[in-house]
Structure formats: structure tokens, C-alpha cells
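# Residue-level structure breakdown
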Amino acid sequence: MNRASGTAILGSVTSAVSSRPESVPSSCDLIVVGAGIIGLAVAREALVREPGASVVVLECEHQIASHQSSHNSGVIHAGIYYEPGSLKAKLCVEGAAALYRLCDELGVATDAIGKLIVATNAAELPRLDRLHERAVANGVRVEKLNGAQLREIEPRASGIAALHSPDTGIVDYAAVCAALAGDVEARGGTVITGCAVERVENADGGARVIHARGVTDCSGAIVCAGLQSDRLAQASGATADPRIIPFRGAYFTLRRPELVRGLIYPVPDPALPFLGVHLTRRIGGDVIVGPTALPATARSGYRGWRINPRDLFATLSWPGSYRMAWRWRRQAPRELAWAFSSSAYAREASRLVSGLGADDLDPSFAGIRAQAVGRDGALIDDFVFAGEGRIVQLRNAPSPAATASLAIAAHCCDRLGPIADGEPRQRPAS
Ligand SMILES: Cc1cc2nc3c(=O)[nH]c(=O)nc-3n(C[C@H](O)[C@H](O)[C@H](O)COP(=O)(O)OP(=O)(O)OC[C@H]3O[C@@H](n4cnc5c(N)ncnc54)[C@H](O)[C@@H]3O)c2cc1C
């Protein structure tokens with residue numbers, strides 16, 4: 001990851017959580033595992049539903065939002081792509097509206113700058129039409145544009161037709177996490193960093209959380225562990241299927257940000273769950289190009305191609321990895337070229353904005369996607385919730401889960417039921 005942007009990200013999130021008690025209480029109403037955007041949104045939702053409940057977020061890293069929630073495109077998706085009736089479609093549409101409202105309330109900058117999905121040849125037009133139908137079915141505002149109309153919005157975009165989504169926007173998700181953590185604490189919740197959870201069990205009508213600083217008994221637990229969600233689920237006795245396969249997504253920064261006004265996306269390949277190389281204006285004004293999509297050799301391999309033997313073994317020992325590789329055999333060479341050659345990458349980006357060359361791209365940060373892959377090799381597209389009794393496990397929350405985070409949080413709390421069970425629980429000491 002780009003050192004400068006990394007420092008900025010960490011700077012904005014560390015100031016969010018004012019005090020972190022060293023000790024974790026031995027009991028409370030709700031434990032949330034993971035202080036990414038979803039865990040923090042869950043904690044806030046629980047406190048909105050039951051003010052006064054004792055809610056504790058446990059995060060293994062020393063900063064909140066250390067992984068996906070601060071290493072992404074920063075797009076507030078409108079809900080165009082997703083299968084009508086799926087959880088993704090429903091929670092993205094609800095979540096985007098809720099996110100705009102929350103950011104207004106908490107003073108986090110958003111900008112509904114709009115997005116173009118651009119067809120660059122006639123073969124892509126039927127797919128663009130299908131996306132239009134999906135958007136309409138999902139209740140998302142979109143407009144079909146011809147080549148001349150799309151260039152009124154993005155003068156440098158190439159393409160023969162486009163879908164315009166005026167409600168797609170941008171936000172700095174690390175800033176959203178910082179604001180959420182601040183709000184959780186203002187409502188009486190506690191965010192504790194540097195405390196890894198080892199497992200979560202149902203016990204005595206509630207849940208028992210075994211973590212690096214001891215054991216906490218609680219009325220319920222909601223696990224939002226992102227890239228580690230399969231491991232935590234398995235350690236807690238759940239099935240190994242699906243497994244998280246990490247996908248690295250590297251970005252470039254555009255040296256001439258004036259070439260792009262808003263967001264320019266390709267028509268996605270229906271065989272893949274990712275949206276393809278896109279150009280994205282960020283809240284700070286720079287424009288990023290990316291991300292790539294290749295299986296990663298480490299679940300936190302942000303710089304270069306770091307190898308984590310445990311993570312690599314988890315990928316290589318999963319039968320679904322080989323089935324997935326076979327299914328993807330035609331796309332793989334193209335993804336490999338984009339990951340390792342900036343010229344090939346620039347050629348792909350220049351399908352959307354003509355005249356882009358390798359000289360226009362500076363290497364920037366990378367993110368690692370937590371993508372659940374079934375034993376059968378299927379890349380699981382929809383959000384997956386599991387868990388029994390007083391435990392909710394979020395097992396697949398890929399993009400647009402940052403957009404959908406507030407709606408996912410409400411869904412988790414609905415699944416759990418009452419936050420407090422009426423048993424007296426001690427408040428965490430601060
Ligand atoms: C390259 C990329 C681009 C993306 N672009 C977008 C986008 O533009 N718009 C969008 O809506 N979404 C986007 N996404 C998806 C979005 O970022 C994620 O879906 C979302 O951030 C998931 O949030 P999370 O809280 O589940 O995961 P995370 O942010 O990964 O948080 C999980 C947390 O759990 C903690 N944890 C793990 N194990 C333990 C443990 N044992 N004990 C305690 N804590 C633990 C981790 O340290 C981490 O902080 C993108 C993702 C990537 C990678």
C-alpha cells in the first residue's frame with residue numbers, strides 16, 4: 001500500500017476511539033467481534049435499539065478498520081448489479097440510503113457524483129440492457145445514454161452507450177468507521193483493540209466468548225471478522241464450508257485526475273463476482289484506477305506479494321480453490337497480465353478513457369477481498385449469515401458490504417433478537 005495514504009488512513013481511525021480499557025469485562029449484553037465497518041455498525045445498531053445495553057466490540061488489530069474497510073474503492077453503490085430479491089440487492093439499496101443519512105448526521109463527507117457503466121462495443125449492449133432491467137427491478141434510478149450523451153457527463157470517456165446512475169457516490173470508509181466508533185462510545189459502548197477472539201460458543205442461554213484476555217459471558221455475540229470469518233466460525237464449531245479465499249485488488253493513481261469527473265465502470269463480466277477495472281474519483285480529489293483481482297498469498301498481504309504460509313495452505317488445501325481455478329481458466333491470464341504489467345493495465349483502462357498510457361498510472365495501495373468460496377468452487381455472490389442460538393456469524397460480506405453495512409447491521413440484530421436477555425450484566429470499566 002502507498003505509504004502516504006496508509007498513514008492518512010491510520011491517522012483518521014486512531015483518533016476515533018478515545019480510551020481503550022486494557023481489561024475486557026467478564027460479562028456484558030453483546031459482544032461484537034471485529035471493528036471493521038460492519039462490526040462497528042452492528043454495535044451502533046444494538047445501542048440504538050437498546051440504549052443502555054452493555055455492548056463491547058473486540059478487535060484483534062491495534063487500530064479499528066485495519067483491513068477491508070479502509071482499503072477499498074470508497075464507492076457508495078446504488079444497487080444496480082445484484083440479483084433482484086437477493087440480500088445483496090435489498091441490503092445495498094437500503095444501506096446506501098441509510099449511509100448517506102448517517103454521514104450527514106455524523107458529519108462525514110459524501111458526494112453523490114454519479115457513475116457511468118460504459119459499453120465499449122456492440123457485444124456489451126445486451127449485457128448493459130440486462131443491467132438496466134436489474135436496476136429497475138431493484139428500484140434504482142438509472143438512465144440509458146448514447147455515446148454523445150455519455151460524453152456530456154464524462155467528456156473523456158470512450159464508449160458507445162452507458163447507464164448513468166446519479167445516486168452512486170463516494171465516501172472515505174475509514175472516516176465512516178472513525179465516526180461510527182466515536183458514536184458507539186458516545187452511546188455507552190466500548191471498542192477494545194488489540195484483543196483477538198479465539199472462539200465463540202453458545203452457553204447457558206447466552207454466548208461465551210474466549211479471547212486473548214480471558215472469557216466473557218454475554219447475552220449474545222455477533223461475529224463480523226471479515227478475512228478471518230471462516231477460521232473463527234470453524235473454531236466455534238461451524239462447518240468449514242465456505243472458505244475465505246483472499247483476492248488481492250491493487251490500484252493505481254491517475255496522474256491526470258482531470259480526465260475523470262466521477263466514476264467510470266466497465267460492463268462487468270457476468271462470469272465474475274467483481275466489477276472490473278474502474279476509474280474512481282475519491283473524496284480527496286484524486287482518481288484511482290483498479291482494482292485487480294487475483295487470489296492472494298496472504299490475507300493481509302498489502303505490500304507486494306507477501307506469503308503467509310498458513311493463509312496459503314488454507315487456500316491450497318481447499319478443494320474449491322482448484323474447481324474455481326478451472327472455472328476461471330479463461331479469465332486468469334488476463335488478470336495475471338493486469339496484476340503484473342502496468343502497460344496491460346493501462347490498455348484495459350484506456351477502453352474506458354481513451355489515450356491513457358502506462359505513464360499516466362502511479363502504483364498505489366492494495367486491498368484484500370474476503371471472498372467466500374464453496375467446496376464446489378463457486379464464488380459465493382450473496383451475503384451469507386449463519387450461527388445458532390445466541391450467535392450470529394457473518395460468513396460472506398464482499399462488496400458492496402461497506403455500502404450495505406448499516407442494513408447488514410440491522411439484519412444481524414434482527415437475527416439475534418433482543419440484545420439484552422434481562423440477566424444483570426456488569427458494565428465494562430472504562
Ligand atoms: C479492493 C476492495 C474494494 C472494495 N470496494 C468497495 C466499494 O467501493 N464499496 C463497497 O461498498 N464495498 C467495497 N469493498 C468491500 C468492503 O470494503 C467490505 O465488504 C467491507 O469493508 C467488509 O467489512 P467488514 O467489517 O466485514 O470487514 P473488515 O473491514 O475486514 O473488518 C473485519 C475486522 O475483524 C477483525 N478480526 C478478524 N478476526 C478477528 C478476531 N479473531 N478477533 C477480533 N477481531 C478480528 C479484523 O482485524 C478486522 O478489523 C471493497 C473491498 C475491497 C477489498
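Residues numbered from 1 in each chain as written. Predicted model: local features only at pLDDT ≥ 70, side-chain atom pairs only at ≥ 80, totals over all residues. Heavy atoms only, no water.

## Regarding the overall build of the protein chain
Using the following cut-off: In this description a helix means any DSSP run of H or I spanning at least four residues, a strand means any run of E spanning at least two, and both kinds are numbered starting from the N terminus. For the radius of gyration, the atom set is restricted to C-alpha positions; the globular benchmark scales as 2.2 Å times the number of residues to the power 0.38. For each residue, the accessible area found with a 1.4 Å probe, counting protein chains only, is set against the maximum for its type, and the residue is called buried under 20%, exposed over 50%, and partly exposed in between. By the convention used here, residues are in contact when the closest approach between their heavy atoms is within 4.5 Å. Residue-level accessible areas treat just the shown protein chains as cover; the underlying method is Shrake-Rupley with a 1.4 Å probe. His is not counted here, nor are the chain ends, while Lys and Arg score as positive and Asp and Glu score as negative. Charged side chains are reduced to one point each, which is NZ for Lys, CZ for Arg, CG for Asp and CD for Glu.
Scanning the protein chain from N- to C-terminus turns up twelve helices and 20 strands. Taken over the C-alpha trace, the protein chain has a radius of gyration of 21 Å; the compact-globule value for 430 residues is 22 Å, and the two agree within 12%. Taken along its principal axes, the extent of the C-alpha atoms in the protein chain is 65 × 45 × 40 Å. The 430 residues of the protein chain split such that 56% are buried. Within the protein chain, residue pairs in contact and separated by at least 24 positions form 76% of the contacts whose partners lie at least 6 positions apart. Of the roughly 16800 Å² of accessible surface on the protein chain, a fraction of 52% belongs to carbon and sulfur atoms. The averaged location of the 43 negative side-chain charges in the protein chain is 6 Å from the averaged location of its 45 positive side-chain charges.

## Remarks on the pattern of salt bridges
For the record, the criterion: Here a salt bridge means any side-chain nitrogen of Lys or Arg lying within 4 Å of a carboxyl oxygen belonging to Asp or Glu.
Summed over the entire model, instances satisfying the criterion amount to 20 salt bridges. Across the salt bridge formed by Lys88 and Asp381, the nearest N and O atoms sit 3.1 Å from each other. Here Lys88 is found in helix H3 (residues 87-106), whereas its partner Asp381 is found in the loop between strand E18 (361-373) and strand E19 (384-386), with 293 residues between them in sequence. Given a relative accessible area of 3%, Lys88 falls into the buried group. Its salt-bridge partner being Arg334, residue Asp269 comes within 3.7 Å of it at the nearest N-O pair. Of this pair, Asp269 sits in the loop between strand E14 (263-266) and strand E15 (278-281) while Arg334 sits in helix H10 (residues 332-340), placing them 65 residues apart in sequence. In this structure Arg334 comes out as partly exposed when scored by relative accessible area, which is 35%. Through salt bridges with shared partners, a single network forms among Arg44, Glu105, Asp183 and Arg187.

## Remarks on a nonpolar patch on the surface
The condition that has to hold: Residues forming no salt bridge and having over 30% relative accessible area are the ones grouped into patches, like charges within 9 Å of each other and nonpolar side chains (Val, Leu, Ile, Met, Phe, Trp, Tyr) within 5 Å.
Where nonpolar side chains cluster on the molecular surface, the patch consists of Trp305, Leu336 and Phe340 and spans about 310 Å² of accessible area. With respect to the helices and strands, the residue Phe340 is situated in helix H10. For Phe340, a relative accessible area of 55% gives the class exposed.

## Looking at the sheet that holds strand E8 (residues 169-171)
The following threshold applies: We call two strands paired when DSSP finds no fewer than two bridges between them.
Taking strand neighbours across the sheet as the criterion, the three strands line up as E3-E8-E4 in an open arrangement whose pairing is antiparallel. The sheet terminates laterally at strand E3 (75-76) and strand E4 (110-111), the two strands that pair on one side only. Note: E4 against E8, two bridges, orientation antiparallel. The partner of Asp111 across the bridge, within E8, is Ile170.

## Structural notes on the domain arrangement of the protein chain
Test applied: The split of the chain into domains comes from an automatic or database domain assignment. Once two parts are put together, the accessible area they lose, assessed with a 1.4 Å probe and summed over both, is termed the buried area.
Each assigned domain of the protein chain is listed here: domain 1 (3-69 + 174-242 + 383-416) and domain 2 (243-373). A straight line from the C-alpha centre of domain 1 to that of domain 2 covers 27 Å. Every contact between the two is made by 18 residues of domain 1 and, on the other side, 18 residues of domain 2. Taken together, the two surfaces of domain 1 and domain 2 that pack against each other cover about 1400 Å², and 48% of this comes from carbon and sulfur. At the junction of domain 1 and domain 2, the tally comes to two salt bridges. Between Asp311 and Arg231 there is a salt bridge, with the nearest N and O atoms lying 2.8 Å from each other.

## Re the packing of helix H2 (residues 37-49) against helix H6 (residues 173-186)
Two numbers describe a pair of packed helices, the interaxial angle and the distance between the axes. Just so we agree on the cut-off: Interaxial angles span 0 to 180 degrees and are taken between N-to-C directions of axes, which are lines fitted to C-alpha atoms, for helices over the stretch in contact. In what follows, roughly perpendicular refers to angles from 65 to 115 degrees, roughly parallel to angles under 35, roughly antiparallel to angles over 145, and oblique to any angle outside these ranges. Each crossing gets its hand from how the near helix is turned against the far one by less than a right angle, where anticlockwise is left-handed and clockwise is right-handed. The residue classification treats Ala, Val, Leu, Ile, Met, Phe, Trp, Tyr, Cys and Pro as nonpolar and Asp, Glu, Lys and Arg as charged. All others, Gly included, are polar.
Viewed as axis vectors pointing N to C, H2 and H6 meet at an angle of 30°, and their least axial separation amounts to 9 Å. Relative to H6, H2 is oriented roughly parallel. By crossing handedness, the relation of H2 to H6 is classed as left-handed. Every residue of H6 that contacts H2 at Ile37, Leu40, Ala41, Ala43, Arg44 and Leu47 is listed here: Tyr173, Val176, Cys177, Leu180, Ala181, Asp183 and Val184. Here the residues of the contact of H2 with H6 are counted per class, giving eleven nonpolar, no polar and two charged.

## So, the packing of H10 against helix H11 (residues 342-349)
Remark: H10 packs on H11, axes separated minimally by 5 Å, with the N-to-C direction vectors making an angle of 110°. Considering the angle they form, H10 stands roughly perpendicular to H11. Crossing of H10 over H11 shows left-handed handedness. The segment H10 lies against H11, with Ala337, Trp338 and Phe340 engaging Ser342, Ala344, Tyr345 and Glu348. In terms of residue class, the contact of H10 with H11 is built from five nonpolar, one polar and one charged.

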